[in-house]
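# Residue-level structural notes
Each chain, written out:
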2 protein chains.
Amino acid sequence: MQHFMDPKSVALIGISRKSGPGSFNLMENMSDFGYSGEIYPVNPNAGEILGKKAYPSVTIVKKKIDLAVITSPRNTTLNILQDCVAANIKAAIVVNQGFNDADRRGQQMQQQMVEMAAREGIRILGPNTLGVINSFAGFTTSFMPVTKQRVGVGLICQSGIHFVGPTKFSGMIGKGVDLGNSCDIGFYDALKYFAEDPDIQIIAIHMEGLNQGQDFLPLAARVVKEKPIVVHKSGRSETGAKAAMSHTGSLAGNYKLLQAALKQTGITFLEEGGQMPYAVKTLQNLPPMKGNRVAVITYSGGAGIMISDGLEKHGLRLASLSSEIIDQMAALSPSWMPLSNPLDIWPAVMMHGARKAYSVALKAVLRDPQVDGIICVAIAPLPEFSFLNVSEALNDVVETSPAEKPVIGWTYGPNTMEVQMQFESKNRIMIFPTLELATQALSWLRDRYVIITRDDRGFI
Amino acid sequence: MQHFMDPKSVALIGISRKSGPGSFNLMENMSDFGYSGEIYPVNPNAGEILGKKAYPSVTIVKKKIDLAVITSPRNTTLNILQDCVAANIKAAIVVNQGFNDADRRGQQMQQQMVEMAAREGIRILGPNTLGVINSFAGFTTSFMPVTKQRVGVGLICQSGIHFVGPTKFSGMIGKGVDLGNSCDIGFYDALKYFAEDPDIQIIAIHMEGLNQGQDFLPLAARVVKEKPIVVHKSGRSETGAKAAMSHTGSLAGNYKLLQAALKQTGITFLEEGGQMPYAVKTLQNLPPMKGNRVAVITYSGGAGIMISDGLEKHGLRLASLSSEIIDQMAALSPSWMPLSNPLDIWPAVMMHGARKAYSVALKAVLRDPQVDGIICVAIAPLPEFSFLNVSEALNDVVETSPAEKPVIGWTYGPNTMEVQMQFESKNRIMIFPTLELATQALSWLRDRYVIITRDDRGFI
């Protein structure tokens, strides 16, 4: 995979002479992303592309080429791959559509590609792929604009959609591999690369259909002890499976069986694709949760009720707070105030201010041995009501406490995005847009604790 | 309810002398919100409050007072209500906590309030409430800052959280009633007001526990034919129900039974509170869907698969597109491109540009008699890639088509919020953040069609 992810030299075969907005010029995108290695444009009709000499064929470049990126029409692909073999290139990305995702002729051509990879030892990523993103090396083969983020998240997917809009699908990603139709390079190869990559701490996978499963599953079971792996499998319904077939030619397989096999390895398995960015930021930043007892601190009794529903759904429960904790809060509250969990601190806020009341409450539950994790419900006010914004006060509390219990938050109010960024600035408190996701996040952390502490003999 | 929602004169009893940030001064908030009626501050310890003469008791104001808002400590509340009766005030809001939400003494006092309302004919909203918002009349009793939105959404809730952060819970709201502990004014009263209110087109309800159910349910069954009613019920779990009890003293009741009764009326019932803003904007802006056949137009085969999963889950299905439609798209696509539904138009985009390819596709499926509703998957690019932004092109198409089929969208990419606003600018295309919500939205519109066309004899 090193040749794909971090090549010192690249041939761009079939690259267009057009550049600028709307041309999707891969060479331009690659340069904009910061690639500083050698680029050899190959196009029989062009003398020069973006100021670089173009070669009529890759066979006459006569330089060491780590990776070929092929963007020419499908009918030319097999001959070009043969040229790559002749030029001693060991890795090629076939970008174009029109193979297993298309008609019978396309399927035949993809089959020939598979055979060529096996026969000649050239590794092929794709076809029907945007290729790779490597923000650490400043390298991408995507012809669509992508964002550079030096974060420890590795993405494996089968559709370019995950490269174009990653924040929607995975949160920020540091490196990515789009397997496309997966004629050769598959899930095992990509997972192995990320497993051994010190830049990557967590692996996010969007799966249409698993390939290389026999190697992938036991590897995943080993990797997951060190690095969380989060999987969303699409194509679970009958119609979805049919669509997956026509998209990348994936056999989506039996969803229930695959789900069971993936979960068995210790993978965090998501029922909905939209959960991925939240699962990633949860597992990346927060400690595993040692038990299922959750303390809720809230400005609003209404929110406390909604959370209670979510906890029960995810196998968690409201902690019975220690009497010492209750006494501490009672000292700040009116005498008639019934205090339990959820801990409604609004009367204390009215009497002592939001920062003081909230800090005392959070410090208390962090110390309470009967609490495993904490949900904070807070207001995201406009700047003129910043005295209600407890993001700084709560970060001060968690920074002076051991990072043993996950603290997550849910904010409501007119200034959600900005206050979320303030809460998350230290990567110690994570904010979720719905209470459903907040409770779901704690259940991922609970499962994570079970996975990393289980004493199994490995998965075969 | 008119006295609560649009009073010509208000007595503010127990109002604080403090003002400015952190004081939560109701009188200040009321003025900032634009209230132009008479205000009579009542506070035995203050000569003047915010430049207005303060009265030691409401009984000596000697003017016609439509509404009293009582914010003094709980022990004083019953005497003050008695004063209100003496002053011939017909409507009072009791803001403070400390009644059924608190201890035995609080429960006794709330019971005395109930009896006073029955005996003296004074109507009471609360206790434990922020009261009302009426953006059309520029009136609110909330001591927390709230936003003025002249939109046709009426909100009924039992927690102030829905006033403070409505965009999270309900989307924009035009009017709102916080029932709080509901000692007197309840769900029936509030629904009746919104049912008859020409400013209100849709009613959003966050329910902890239903009260006035015998009157509420048959009224809801009648109202729902004209105005959609969307309900989220919290406190569904055992722990949630217990929390509801301690929050507003609500008996959350049997969730399944209540859910069945609410659904029977034709109410749109939400399984998750976070769905409310999406349900509201869907039912407010889009036409009911006449059948369950959905066309999907997408830049990305991967997204098509995810949508297929969502459709099946919600009882919808992929439409079989007419051959005429397929032929039109085939004319824009490479010959090897297999075209069906989901309609993957990326190759056509590469050949003819995003706006042309997408407009042709949307126009075609809008005309196709085998299609009842449409999901558009599109990129939300940064301004420098605005040639991929089809928001204007698609709005042109829907504006020149009859508004018979709902068109909804899901966008991915770096510029989600701005492109969403562009798509939604004509209120004809609504955007959803996840595919799960996009398919859910169509199922709400499908159910809506069934409700408004069903021939029932009314609900008793």
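Residues numbered from 1 in each chain as written. Chains lettered and ligands numbered in written order. Predicted model: local features only at pLDDT ≥ 70, side-chain atom pairs only at ≥ 80, totals over all residues. Heavy atoms only, no water.

So, on to the overall build of chain A. Counting secondary structure elements, chain A contains 18 helices and 20 strands. In terms of overall dimensions, chain A has a C-alpha envelope of 85 × 50 × 35 Å along the principal axes. The 460 residues of chain A split such that 62% are buried. Across chain A, contacts joining residues at least 24 apart in sequence account for 72% of those joining residues at least 6 apart. Between the centroid of the 43 positive side chains of chain A and the centroid of its 41 negative side chains there is a distance of 4 Å. (Helix = DSSP H or I, 4+ residues; strand = E, 2+ residues; numbered from the N terminus. Buried < 20%, exposed > 50% of the residue type's maximum accessible area, 1.4 Å probe, protein only. Contact = heavy atoms within 4.5 Å. Lys, Arg positive; Asp, Glu negative; His and termini not counted. Charge placed at Lys NZ, Arg CZ, Asp CG, Glu CD.)

Attention shifts here to the sheet that holds strand 7 (residues 123–125) of chain A. Residue and element names in this part refer to chain A. Strand order in the open sheet formed by five strands is 2-1-5-6-7, with parallel pairing between adjacent strands. Across the chains shown, the open sheet's two edge strands, defined by having one partner strand only, are strand 2 (38–42) and strand 7. Looking at each pair of strands side by side, their axes are set apart by 20° on average, direction ignored. In terms of strand pairing, strand 1 (residues 9–13) meets strand 5 (residues 67–70) through four bridges, oriented parallel. (Pairing = 2+ DSSP bridges. Axes fitted to C-alpha atoms, helices over the stretch in contact; angles between N-to-C directions.)

Its rotation angle being 180°, the transformation that places chain A on chain B also includes 0.0 Å of axial translation and leaves an RMSD of 0.0 Å. In the structure described here, the two chain copies are related by an operation that fits a two-fold rotation axis. Interface overlap between copies: 98% of the residues of chain A at the interface are likewise at the interface in chain B, consistent with a symmetric, same-surface contact. (Least-squares fit on C-alpha atoms with pLDDT ≥ 70 in both.)

All names here are of chain B. Looking at where Gln 158 falls in the secondary structure, it is placed in the loop between strand 10 (153–157) and helix 5 (161–164). From its side chain, Gln 158 meets the backbone nitrogen of Glu 208 in a polar contact 2.4 Å long. In this structure the side chain of Gln 158 is engaged in a polar contact, spanning 3.2 Å, whose partner is the backbone nitrogen of Gly 209. (Polar contact = N/O pair within 3.5 Å; in protein donor to acceptor, adjacent residues only side chain to side chain.)

We now examine the domain arrangement of chain A. In terms of domains, chain A is made up of domain 1 (1–127), domain 2 (149–285) and domain 3 (287–453). For domain 1 of chain A and domain 3 of chain A, the distance between their C-alpha centres works out to 52 Å. (Domains from an automatic or database assignment.)

The subject of this paragraph is the sheet that holds strand 8 (residues 132–134) of chain B. Residues and elements named next belong to chain B. An order of 9-8-11-10-12-13-14 is seen for the seven strands of this open sheet, with the pairing classed as mixed. Lying at the two open borders of the sheet, with one neighbouring strand each, are strand 9 (139–140) and strand 14 (268–270). Here five bridges tie strand 12 (residues 202–207) to strand 13 (residues 229–233), and the two strands are oriented parallel to one another. Paired with Ala 204 across the bridge in strand 13 is Val 230.

Below, the discussion takes up the confidence of the model for chain A. Summary statistics for chain A give a mean pLDDT of 91 and a share of 97% for residues scoring 70 or more. Across the interfaces of the predicted complex, the ipTM metric reaches 0.76, alongside a pTM of 0.85. (pLDDT = per-residue confidence, 0-100.)

With that settled, the discussion passes to the packing of aromatic side chains. On inspection of all chains with the given rule, the structure shows 26 aromatic pairs over all chains. Taken together, the ring pairs connect Phe 24 and Phe 143 of chain A together with Tyr 299, Trp 346, Tyr 358, Phe 385 and Phe 387 of chain B into an aromatic cluster. The lysine or arginine in question, Lys 281 of chain A, covers the ring of Phe 432 of chain A, its NZ or CZ lying 5.1 Å from the ring centre. Above the ring of Phe 33 of chain B, the side-chain terminus of Lys 148 of chain B is found at 5.4 Å from the ring centroid. (Phe/Tyr/Trp six-rings, centres within 6.5 Å; stacked < 30°, edge-to-face > 60°. Lys NZ or Arg CZ within 6 Å of the ring centre and 35° of its normal.)

To continue, consider the interface of chain A and chain B. Taken together, the contact between chain A and chain B spans 66 residues of the former and 65 residues of the latter. Of all residues in chain A, Lys 168, Ile 305 and Trp 336 of chain A give up the largest surface area on contact with chain B, accounting jointly for 14% of the area buried on that side. Glu 272 of chain A is the salt-bridge partner of Lys 313 of chain B, the closest N and O atoms lying 3.7 Å from each other. Along the contact surface separating chain A from chain B lie two residue pairs in polar contact (both at pLDDT 80 or more). Of all the secondary-structure elements, those providing two or more residues to the side of chain A that touches chain B are helix 5 (161–164), helix 6 (166–169), helix 9 (238–248), helix 12 (301–313), helix 14 (346–352) and strand 19 (407–412) of chain A. Grouping the amino acids of the side of chain A that touches chain B by side-chain chemistry returns 30 nonpolar, 22 polar and 14 charged. (Buried area = accessible area lost by both parts, 1.4 Å probe. Salt bridge = Lys/Arg side-chain N within 4 Å of Asp/Glu carboxyl O. Nonpolar A, V, L, I, M, F, W, Y, C, P; charged D, E, K, R; others polar.)

So, on to the packing of helix 13 (residues 323–330) of chain B against helix 15 (residues 354–367) of chain B. Residue and element names in this part refer to chain B. With their axes 10 Å apart at the nearest point, helix 13 and helix 15 run at an angle of 175° to one another. Between helix 13 and helix 15, the angle is such that the two are roughly antiparallel. Each of Ile 325, Gln 328 and Met 329 in helix 13 lies in contact with helix 15, whose residues at this interface are Ala 357, Val 360, Ala 361, Ala 364, Val 365 and Arg 367. Taken together, the residues of the contact of helix 13 with helix 15 break down into seven nonpolar, one polar and one charged. (Parallel < 35°, antiparallel > 145°, perpendicular 65-115°, else oblique.)

Residues and elements named next belong to chain A. With burial as the criterion, each face of strand 6 (residues 91–94) is covered, one bearing Ala 91 and Ile 93 and the other bearing Ala 92 and Val 94. The pairing of strand 5 with strand 6 spans three bridges and is parallel. Looking across to strand 6, one finds that Ile 70 is bridged to Val 94. This β-α-β element, strand 5 to helix 3 (residues 74–86) to strand 6, shows right-handed connectivity. Of the strand pairs in this sheet, strand 6 and strand 7 are connected by three bridges, and their pairing is parallel. Looking across to strand 7, one finds that Ala 91 is bridged to Arg 123. (Right-handed = clockwise from strand over helix to strand, strands pointing away.)

For the rest of this paragraph, the subject is the pattern of salt bridges. Evaluation of the coordinates by the stated rule reveals 26 salt bridges over all chains. Measuring nitrogen to oxygen at the nearest pair gives 2.8 Å for the salt bridge that ties Asp 103 of chain A to Arg 74 of chain A. Here the residue Asp 103 of chain A occupies a position in the loop between strand 6 and helix 4 (104–120), and Arg 74 of chain A occupies one in helix 3, the gap between them amounting to 29 residues. Look at Asp 103 of chain A and you get partly exposed, because its relative accessible area is 25%. In this structure, Asp 197 of chain B engages Lys 175 of chain B in a salt bridge whose closest nitrogen and oxygen atoms are separated by 2.6 Å. Highlighted residues: Asp 197 of chain B in the loop between helix 7 (187–196) and strand 12 and Lys 175 of chain B in strand 11 (residues 175–178), separated in sequence by 22 residues. Each of Arg 123, Asp 184 and Asp 189 of chain A takes part in one network of salt bridges that share partners.

To continue, consider unusual backbone geometry. Looking along the chain, the bond that leaves Gly 126 of chain A and enters Pro 127 of chain A is cis, with omega of -5°. Among the secondary structure elements, Pro 127 of chain A is positioned in the loop between strand 7 and strand 8 (132–134). Unlike most non-glycine residues, Asn 88 of chain A shows phi in positive territory, near 65°. Assignment of secondary structure puts Asn 88 of chain A in the loop between helix 3 and strand 6. For Asn 88 of chain A, a relative accessible area of 53% translates into the label exposed. At Asn 128 of chain B, a residue that is not glycine, the phi angle is positive and equals roughly 65°. Tracing the sequence through the fold places Asn 128 of chain B in the loop between strand 7 (123–125) and strand 8. By relative accessible area, Asn 128 of chain B is classed as buried at 12%.

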